[in-house]
Each structure stands twice: as C-alpha cells, then as structure tokens.
Amino acid sequence: MSDPAIPLIRCRGLTKRFGSLVANDGIDFSVAAGEIHALLGENGAGKSTLVKCLYGLLAPDAGSIEVRGRAVHLADPEQARALGIGMVFQHFSLFEELTVLENIALGTAGARADAALAARVAEVSRIYGLDIEVKRPVWTLSAGERQRIEICRCLLQDPRLIILDEPTSVLTPQEAESLFASLERLASHGAGILFISHKLEEVRRICSAATILRGGKVVGTADPRVETARSLASLMVGEGVSDVRPPPRHERGEALLEVENLTVLPDVVHGMPLSDVNLTVQAGEVVAIAGVAGNGQSEFFSVLSGEGGVVRRGRIRIAGRIVTGSSIGERRRLGAAYVPEARLGHATLPQRTLSENLVLSWHDTEKVGRLALNLRRLKQAVQTIIRRFDVRGPGEDPRAAQLSGGNLQKYIVGREIERKPKLLVVDQPTWGVDARAAALIRQTLVDLSAEGAAVLVITQDLDEAFEISDRIAVLTGGRMHPPVPTRMTDRDAVGMLMTQHHDGRGEAA
Amino acid sequence: MALALAPRRSVSRLRQVLTPLVAFLVALIVAGSVLAAMGKSLKIAAEVYIVEPLTSSWGVQEVILKATPLTLIAIGLIFAIRANRWNIGAEGQYVIGGMAGGAVAIATHGMGAPWILPAMLAAGVLAGVAYGALPALLRNRFGISEILSSLMLVYVAELLLDYLVRGPWRDPKAYNFPKSVNFDAAATLGPIAEGLKLHWGVVLALVVVVVAALVLARSLFGFAVSATGEAPRAANFAGFNDRRLTMQVFAISGGLAGLAGVIEVSANIGQLQPSIGQGYGFTAIIVAFLGRLNPMGALVAALALSMLIIGSETAQVMLKLPFDMTRAFMGLLLLCVLAGEALTRFRLVRT
C-alpha cells in the first residue's frame, strides 16, 4: 500500500490550449486513494480536456502530472494504463454480435477469450459485485449490463485510478444504485475514482470530494456531502440556477398527437419492435416518456417523425389528420417539429454552418429559397436564434461540430421553436447538456406548452421528466405504460415500471 | 518503428490551397525521375508534355477539345459522388448517348434539316439519362450495388454499339468496315469560328460548369445532394427522399455523359464506330476527384489530364514511350493529390 498522504494523481498548473481557446488554464487538482472524487462543471468547462490529459489522449501544453508522487509524461492511453489509470467512457465501444467474453478479450491487450480470462472476469465480478454473464452476446444486454462489461474491462488492467465519464446517464435508478455499490467497494479497496457527472444528486450521494471547473479553471472544491444540489450548481455556473417556472394555469386543448394501437417493426437489426402503443398529447401539455435507452424510444421517435419503422397496425394522427404513411415534410406542414437525440449527423450536418443547418428542418415550411437558398435570410434567422437561446460558439456562424453539446442543443431546439410548432417531439432534450443549458431548454419546452403547443419529451432523465411534464408514460420493452398525471406518481413508482417487461432482454425487477 | 496518421485539429486555408499544387509538383518530379531512369531526355519530355500543348495553337485547341467530354462527364459524376452514390458506368452512358445521337444522324441522312442537331443532342442526353437511371432503379428496387451494375452496363453498351455498327447501321459503302455512314453537315456540331477546331460543345461544357457550380453551391437540390452524402440520417431527417435523389443524381450524371458522347460523335468523330469510348467515362472519375468534387476544380483537372493525354500521344513518337505510361502518370497524379489531401487533414506520427 502506498503512502496515503501522496495522492494517486496530481496535476499542477496543467494548461491545454486549442488555438486561442484555453480549455484548461493552470489546473491544480488531485485524487487520493480510496476517494470518490467528482469533477463538476458545465459543458465546455474543460472536464473532458482534463481527463483526456490525465488518460494520455491529449498532451498538455504546460504543467505537470504526477502519478503517486512521480512526475510522468503520458504519451498515449497505453502508457496511462501501464501507470494504473483506467477510463470508462460515456459511449460504449462494444461489438453487438460478439459475446461478453470476446468483447473483453478484444479490449484487453494480450488477452484471448479463453477459460483463463473467463476465470479472471468471474473473480473481478465477484469482488466488485459486477454480475456479468460472459457467454451472452452483447446485443441481448441492457445498457447497465453493457456498462458493467466496460467497467470490468477497465478493472482487469488493475487500475489504481478509474475515471468514469457520465456513467449513469444510460442507467435506470436501480442500475445506478448497483453501480454505486461497486464504486464504493472499489474505493474501499484503495482505488481512487474520478467521477464526472451532471447529476448533482448522485454526486452528493456517493462522492467524498468535488472539484468544480468553470471556463477552464478550478473555481472551487467542495465536500458534496455537505452541499446541496443547488449550491453545487451555483458553483458550476457561477450564479444562481433558476428552477423551471411552472407556467401560468392554462387549459388543455385539442389532441394534437394521437397514437392508436400502434405496432411497428424496427428497420434496423436488433431494434426494438413497438407493440400496441396508445398515447394522446393535447395542446397545452408536456407529456414525458420515461424509460431506459433501448426500450423502443428511438423507434417511437422515428415512427412519429416519419423517418423510419414499418407500421404493422394502428395509426398516428397529427392535428386530427392521419399521417401514418406520411413523410416528415408532410408532418412538418401540419405543424409538427422534431428534435432527434443525436445532435451531430442526425439533427445537424456536422461540417455545415448553423445557417445552412436551418435548411434541414425549415425547407418544407419556411421560405428558405429553392433555386437559390436565401443565405442572407438564413444568416439573419440564425442570429435571432443565437440571441434568443444564448447559443455560444466561435464566430458569427460557426459549423455545428464547433459548438459544445449544450450550445448545439440550444440551437437545435431554438431552430424548431422558431417555426412555432403546434406539436414538438423531443428525444432526450438535455442529454449530455450542461446545467444552465438544460434549465433553459426545459423552460423553453414548458413555455411552449403554455403557449398552446403539445410537447412530447422522450427522456431517460427521470428528474427531468418530473420537473417539466404534466403526465408521465413509461416505455419498456416496446410497450407503453399509459401516462399518469405527474403529481400523482413518484420516482420509485416510475422506476419500477421502467424495469418491468424487459422480455428477457434485461434484468426483470 | 511504425508510422500512423493522426487527425489535425485545424487546417489552414493556405495549406488547402497549396496542397494540390504541391501534389502536382511531386507527381511531376516522380514522373521526371522515372523518365530519367529510363534514359529519356527530360528536355524533350518537357517539350512534349508541357511546352507544346500550352504554346502551339494546335496544342491548346487539342487540350481544350479533349477536356470537354472529361469536364462534362466529371460534372455529372460530382453530383453522384457528392451524394455518396457511385456511378462507375459513365463510359457506358457516354457510349449510349453517342449512339442515340448517331442514330438520329443516320436516320436523317441526306435530309439536311436544321432541327437535326438539336434532336441529336436531345436524343443523346435522354438516352444517357435513361441508361444512367438503370443502376439507380436496380438499387432502389432491389438493393443492388450501383457500383457493380453501372460498371457492368458499360460492357452492355459497348457490345450493343459494336453489334449495331457491324450489323444494321453499317455503311454499305464502307468495304465491310464496322462503321456507319459519315454524318451530314446538318448533323455536325460546327466550329465556333472559321478556322478554329473548337466547336460549340466547348461552350456548352462551360455553361454546364457554371450552372452546376451554382446548383451545387446555392440551390436546395444541391444542398440535398451534399447532405445525403455527408450525413444520410440528417438528410432523412430533412425529408430529402433518398430514392428520388439516387434517381436524380444518376439521371444527371447519365445525361451529361450522354451529352458528352453525342458531342464527341457529332463534332469530332463524324460517324459511329466501335471505339467511340476512349475511356473518357473512367478518366472522368479521376477528374472529379482531382477537382475535389467541385465543378470549377473539375474543369482545371480536366485540362490538366487532357494535357497529359495529348503529351503522351506525342511522347509515343518522340520518346518511344508506350501509351500505357499515360495511365501510370494519371494514377501517379491522382495518388499524389489524394495523399496530399489526406496529409492536409492528418499528420504522420511515429508510433
């Protein structure tokens, strides 16, 4: 055991620049053994840059990194791993068709998918309570199970420091609990854990220290156990974060989205079929669909937007008109607007400017010009959106890929709001978005419903569902639990519904 | 020690501009070294490849004439490639276009009416459109790879032409040579001015360059084409109809290849014969990429490759070089430009 006074990792004056942008500015920070240390900050605060430097993915321009008291130069992740630093990324890199064991072997230098590896996996799983079935193909696994593979893969390297990037964003509350138990066990064995999360409640729940970044600098450290979520959020954004203001009382109006007995076959391999889904969203309300990723959310979104899915039975009406076989353009002309989950490559063309990206969802209903795109009008419209939704990025009209997640999401939501839709369907409105942007987006959605639009929000974030919705439905295993008024239910009840009907694909509660 | 490519974080405008020039220079140096190693005179090589095509009136006109079909076909291919659709069969669409235009010329032989030439051009374009639509149809309807079907249709077109000029369309007075009758003046695309070899097809090609550049850069359709290639999911989200777009880009590339075919047959060849192809449809793929999928770029690239082809023809005589060296040099040029492009976006690192 090393001297507990010497931190597992320490950086002094760590600075990383990208052109004129200083992503990390003289960062001093350390993680001790046995500590679960939260790294907090808005998107763009420099969290990912910092952990990439710590994991050898980026080379800092100035400053030093010490691992257990010795100055090191990390040229690549392999070197970081050799020094006992492991990382679990937000997005999994697993092969769907291969088994768990094969995936672990592929991600582990010098390992083969044999009995010896299986035994090591079994031992690691036992010690840290990871519960992994090595023979199952990955495509049969839930997100929580997939994440456990990634964690196991990381633990096989025997790391002293484990970096987790937004690890709970794809987990049910119950799955998150079991992750926390594993993390606590790891920490009690002397490992240090660096935990990046936007969910302040869970940071308070499991972290014993927190470093807060803002604008590339360390603006404070805190003991999350004695702070409130609100005080942590204030540290992150530098000013008070407002709660979403409930709209003034207003009446619900006509049904703008009606889904009747909808049965849909997915058009991608391993997609989730939808069976017999019923749902109505009226003018003036926000309906949230809660559920864990992979339970039919993307399929539901694409059948509502007309982008995909093979409708076997049932129908969809928008503003009273049957649109089951209509294109997304026809639906937009009826007043519908859509915000897909993936910001780059689905909601936007990454290498195009924001003004060019307006064309994607505007060309059916707004005057953008056909023979010659009206670039001047598009540029003006983008400025309006940038001002109204506080979109920050380099230059007047940056390319989509140049924006941080939160700013891009504000732009995408703003682009649809500018069309003054009667029906807005949003898939994961604040996924990977910083606290302030998330608050603004949520407020926008609530305000839109108050102005008489119907808003449907598909979200994995239960807090969000409870914060903004009038009714909550749960999608699980491709089936819809009918919506219930939000104030008549609670997290536990919804969480229980989320874990049912997994049809052998996940862990039944 | 091994080398690996790592992405650059930013690429300067200057680097983007300089890259093709440097690539061209590198290709020139390598080609020169090869020639020197073969014991050829570099002075004569410079004369035939560079000086003569650029200085003599004959050379300049030849370069422009050869660049015309290359430009037309490449412009069409740019639409397809930008949409990530692979039309490898422009050669076939070119042949079919020439054949259809030729059919009009043969059928109207001796009539000498003013509508013949426009009818030929229209027939060439329409035939190219129809022939180009086949791979698109097969892809949309049956999911057949357009790469394979478009390529294989080249052979169908060539063999069909071969059959026609040996059979039904053969000129009875041609002593059994496989060729059609010589076209009338009314079926011949004439020179722009007396004493020039440059014909009206050159002007047409320039118009196509400008229109295509505008359509690609400014119109909603051009945006849809590029969006489909850049991010198909985003294009689907926009509601751009993937199948219709596939038909459209194949129709455009087929139509322009057909136009190139009929222009070549009418203005330069003056009859139908088995070998109207000359590989323009394949060389145009290189032109499209050398021109970085940009119509103006394609025009420049077509002129450069045309110069290379003309130079090689002279070099056969002057330097006793096999004509296959042309292909090797074209490949070398493409390789250098693509490598240059890769190196603007990535840098070499030792691992």
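Residues numbered from 1 in each chain as written. Chains lettered and ligands numbered in written order. Predicted model: local features only at pLDDT ≥ 70, side-chain atom pairs only at ≥ 80, totals over all residues.

## Quick notes on the overall build of chain B
For step 1, the next point in the chain: Regarding its fold elements, chain B presents 13 helices and two strands.
For step 2, the next point in the chain: The 351 residues of chain B split such that 45% are buried.
For step 3, the next point in the chain: At a minimum sequence separation of 6, the contacts of chain B that also span at least 24 residues come to 77%. (Helix = DSSP H or I, 4+ residues; strand = E, 2+ residues; numbered from the N terminus. Buried ≥ 20, exposed ≤ 12 C-beta atoms within 10 Å, placed from the backbone. Contact = placed C-beta atoms within 7 Å.)

## Concerning the overall build of chain A
For step 1, the next point in the chain: The helix and strand inventory of chain A stands at 16 helices and 20 strands.
For step 2, the next point in the chain: Over its C-alpha atoms, taken along the principal directions, chain A stretches across nearly 70 × 50 × 45 Å.
For step 3, the next point in the chain: Per-residue burial for chain A yields a buried fraction of 49% across its 509 residues.
For step 4, the next point in the chain: Of the contacts made within chain A by residues no fewer than 6 positions apart, 69% connect residues no fewer than 24 positions apart.

## A closer look at the sheet that holds strand S7 (residues 161-165) of chain A
All names here are of chain A.
For step 1, the next point in the chain: Spatially, six strands are ordered S6-S7-S8-S3-S9-S10 in an open sheet, and the strand pairing comes out mixed. This sheet does not close on itself; its edge strands, each paired only once, are strand S6 (85-88) and strand S10 (217-222). Looking at each pair of strands side by side, their axes are set apart by 20° on average, direction ignored.
For step 2, the next point in the chain: Across four bridges, the pairing between strand S3 (residues 36-40) and strand S8 (residues 192-196) is parallel. Paired with Leu-39 across the bridge in S8 is Ile-196.
For step 3, the next point in the chain: Contacts from helix H5 (residues 143-155) reach S6 and S7 within the one sheet, and its direction differs from that of S6 by about 170°.
For step 4, the next point in the chain: The sheet strands contacting helix H6 (residues 173-188) are S3, S7 and S8, and the helix crosses S8 at an angle near 145°. (Pairing = 2+ DSSP bridges. Axes fitted to C-alpha atoms, helices over the stretch in contact; angles between N-to-C directions.)

## Quick word on the nonpolar core
For step 1, the next point in the chain: Residues Ile193(A), Ile73(B), Ala74(B), Val287(B) and Ala302(B) are the most contacted members of the largest nonpolar core, which totals 238 residues.
For step 2, the next point in the chain: Top element by residues in this core is helix H10 (residues 242-269) of chain B. It accounts for 13 residues.
For step 3, the next point in the chain: If we ignore the near neighbours within four places in the chain, the residues touching Ile73(B) are Ala90(B), Tyr94(B), Leu256(B), Ala257(B), Ala260(B), Tyr280(B), Gly281(B) and Ala284(B).
For step 4, the next point in the chain: If you look at the next biggest cluster of nonpolar residues, it comprises five residues, including Val48(B), Tyr49(B), Leu319(B) and Leu321(B). (Core = buried A, V, L, I, M, F, W, Y, C linked by C-beta atoms within 7 Å.)

## Considerations on the sheet that holds strand S17 (residues 423-427) of chain A
Residue and element names in this part refer to chain A.
For step 1, the next point in the chain: Pairing is mixed across the open sheet formed by six strands, whose spatial order is S16-S17-S18-S13-S19-S20. Two strands lie at the open edges of the sheet, namely strand S16 (336-339) and strand S20 (479-485), each paired on one side alone. Between one strand and the next, the sheet's axes are offset by a mean angle of 15°, whatever the strand orientation.
For step 2, the next point in the chain: Note: S16 against S17, four bridges, orientation parallel. Counterpart to Ala-337 in the pairing with S17 is Leu-424.
For step 3, the next point in the chain: Against the sheet, helix H14 (residues 435-450) makes contact with strand S13 (286-290), S17 and strand S18 (454-459), and its axis sits at roughly 150° relative to S18, the strand it touches most.

## Considerations on the interface of chain B and chain A
For step 1, the next point in the chain: If you look at the interface, chain B gives 15 residues, while chain A gives 24 residues.
For step 2, the next point in the chain: Contributions of two or more residues to the side of chain B that touches chain A are made by helix H8 (220-230) and helix H9 (232-238) of chain B.
For step 3, the next point in the chain: The element that contributes the greatest number of residues to the side of chain B that touches chain A is H9(B), accounting for five residues.

## Remarks on the pairing of S3(A)
Residue and element names in this part refer to chain A.
For step 1, the next point in the chain: Within S3, five of the five residues are buried, which leaves the element mostly enclosed by the surrounding structure.
For step 2, the next point in the chain: Judged by which residues are buried, S3 turns out to be covered on both faces: Ile-36, Ala-38 and Leu-40 on one side and His-37 and Leu-39 on the other are all buried.
For step 3, the next point in the chain: Relative to strand S9 (residues 209-214), S3 runs parallel, the two being bridged by four bridges. Opposite His-37, over in S9, you have Ala-209 as the bridge partner.

## Regarding the packing of helix H4 (residues 90-107) of chain B against helix H11 (residues 280-290) of chain B
All names here are of chain B.
For step 1, the next point in the chain: Between H4 and H11, whose axes approach to 6 Å, the crossing angle comes to 130°. As judged from the angle between their axes, H4 and H11 are oblique. Crossing of H4 against H11: the hand is right-handed. The segment H4 lies against H11, with Ala-90, Glu-91, Gly-92 and Tyr-94 engaging Tyr-280, Gly-281, Phe-282 and Ala-284.
For step 2, the next point in the chain: The residue inventory of the contact of H4 with H11, partitioned by class, reads five nonpolar, two polar and one charged. (Parallel < 35°, antiparallel > 145°, perpendicular 65-115°, else oblique. Left-handed = near helix turned anticlockwise from the far one by under 90°. Nonpolar A, V, L, I, M, F, W, Y, C, P; charged D, E, K, R; others polar.)

## Here we look at unusual backbone geometry
For step 1, the next point in the chain: Here Ala319(A), not a glycine, exhibits a phi torsion of approximately 50°, which is positive.
For step 2, the next point in the chain: Taking the C-beta count within 10 Å as the criterion, Ala319(A) has 18 such neighbours and is therefore assigned partly exposed.
For step 3, the next point in the chain: Of note, the phi angle at Lys320(B) is positive, near 55°, even though the residue is not glycine.
For step 4, the next point in the chain: With respect to the helices, strands and loops of the structure, Lys320(B) is situated in the loop between helix H12 (295-318) and helix H13 (324-345).
For step 5, the next point in the chain: Classification of Lys320(B) by C-beta neighbours within 10 Å gives exposed; the count is 9.

## Thoughts on the environment of Val446(A)
For step 1, the next point in the chain: Position of Val446(A) relative to the elements: it lies in helix H14.
For step 2, the next point in the chain: Taking the C-alpha atoms as reference points, Val446(A) and Asp470(A), 24 residues apart in sequence, are found 9.6 Å from one another.

## Focus on H5(A)
All names here are of chain A.
For step 1, the next point in the chain: The end-to-end C-alpha distance of H5, which contains 13 residues, comes to 18 Å, matching closely the 18 Å that a straight helix rising 1.5 Å per residue would cover.
For step 2, the next point in the chain: The buried count for H5 comes to twelve of 13 residues, which makes it a mostly enclosed element.
For step 3, the next point in the chain: For H5, the complete set of buried residues consists of Gly-144, Glu-145, Arg-146, Gln-147, Arg-148, Ile-149, Glu-150, Ile-151, Cys-152, Arg-153, Cys-154 and Leu-155. (Expected span 1.5 Å × (residues − 1).)

## What about the environment of Arg170(B)?
Residues and elements named next belong to chain B.
For step 1, the next point in the chain: When you line up the elements, Arg-170 lands in the loop between helix H6 (146-166) and helix H7 (200-218).
For step 2, the next point in the chain: Accessibility expressed as a C-beta count within 10 Å gives 17 for Arg-170, which makes it partly exposed.
For step 3, the next point in the chain: Between the C-alpha atoms of Arg-170 and Leu-126, which are 44 residues apart in sequence, the distance is 23 Å.
For step 4, the next point in the chain: When neighbours within four sequence positions are excluded, Arg-170 is seen to be in contact with Val-165, Pro-178 and Ser-180.

## Description of the environment of Phe183(B)
For step 1, the next point in the chain: Tracing the backbone shows Phe183(B) in the loop between H6 and H7.
For step 2, the next point in the chain: Taking the number of C-beta atoms within 10 Å as the measure of exposure, Phe183(B) has 26 and is therefore buried.

## Remarks on the pairing of S20(A)
All names here are of chain A.
For step 1, the next point in the chain: Alignment of strand S19 (residues 471-476) against S20, held across five bridges, turns out to be antiparallel. Looking across to S20, one finds that Val-474 is bridged to His-481.
For step 2, the next point in the chain: Connecting S19 to the antiparallel partner S20 that follows it, the hairpin turn spans two residues, and Gly-477 within it adopts a positive phi of roughly 60°.

## Observations regarding the packing of helix H3 (residues 57-82) of chain B against H11(B)
Residue and element names in this part refer to chain B.
For step 1, the next point in the chain: Look at H3 against H11: their axes get within 8 Å of each other, and the N-to-C directions meet at 60°. H3 and H11 meet at a crossing whose hand is right-handed. Two secondary-structure elements touch here, H3 through Pro-69, Leu-70, Ile-73, Ala-74, Leu-77, Ile-78 and Ile-81 and H11 through Tyr-280, Gly-281, Thr-283, Ala-284, Ile-285, Val-287 and Ala-288.

## Section: the confidence of the model for chain B
Residue and element names in this part refer to chain B.
For step 1, the next point in the chain: Across chain B, pLDDT averages 91, with 99% of residues at or above 70.
For step 2, the next point in the chain: For chain B, strand S1 (residues 3-7) is the element with the lowest average pLDDT, namely 79, and helix H5 (residues 116-142) is the one with the highest, namely 97.
For step 3, the next point in the chain: Among the prediction metrics, the complex's ipTM stands at 0.86, with pTM recorded as 0.79. (pLDDT = per-residue confidence, 0-100.)

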